[in-house]
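Residue strings, one per chain:
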Amino acid sequence: MILLAEILRVIASVLLILSSGFYLRHLEKTKRQRKLASLELIMYIMIQLAFILFAIGLLIGVFFR
């Protein structure tokens, strides 16, 4: 049962990463066409920060286990 929960957690993480990547790309296209609204700008910054923190966490997990 714990293995199933881990598999579901990994699948959810992958889906969240993919969907946020596509949304970030959409925001970048929108940013080129017009100025982003305040909520869009906040999401743009938060997604970039989340990717950076995810990469740092992944590097720490790989090199310090």
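For the structure, see preceding data.
> With reference to specific residues and values, describe the nonpolar core.
Leu-24, Leu-27, Leu-36, Tyr-44 and Ile-47 together form the largest nonpolar core, which totals five residues. Excluding its chain neighbours within four sequence positions, the residues that come into contact with Leu-36 are Leu-27, Thr-30, Lys-31, Leu-41 and Tyr-44.

> With reference to specific residues and values, describe the packing of helix α1 (residues 2–33) against helix α2 (residues 38–63).
One way to put it is that α1 packs onto α2 with a least axis distance of 10 Å and a crossing angle of 135°. In terms of their interaxial angle, α1 and α2 are classed as oblique. For the element pair α1 and α2, the recorded crossing hand is left-handed. Contacts between α1 and α2 involve Ile-17, Ser-20, Gly-21, Tyr-23, Leu-24, Leu-27, Glu-28 and Lys-31 from the first element and Glu-40, Met-43, Tyr-44, Ile-47, Gln-48, Phe-51 and Phe-54 from the second. Class assignment for the residues of the contact of α1 with α2 results in nine nonpolar, three polar and three charged.

Cut-offs applied
Residues numbered from 1 in each chain as written. Predicted model: local features only at pLDDT ≥ 70, side-chain atom pairs only at ≥ 80, totals over all residues. Heavy atoms only, no water. Core = buried A, V, L, I, M, F, W, Y, C linked by side-chain atoms within 4.5 Å. Buried < 20%, exposed > 50% of the residue type's maximum accessible area, 1.4 Å probe, protein only. Contact = heavy atoms within 4.5 Å. Axes fitted to C-alpha atoms, helices over the stretch in contact; angles between N-to-C directions. Helix = DSSP H or I, 4+ residues; strand = E, 2+ residues; numbered from the N terminus. Parallel < 35°, antiparallel > 145°, perpendicular 65-115°, else oblique. Left-handed = near helix turned anticlockwise from the far one by under 90°. Nonpolar A, V, L, I, M, F, W, Y, C, P; charged D, E, K, R; others polar.

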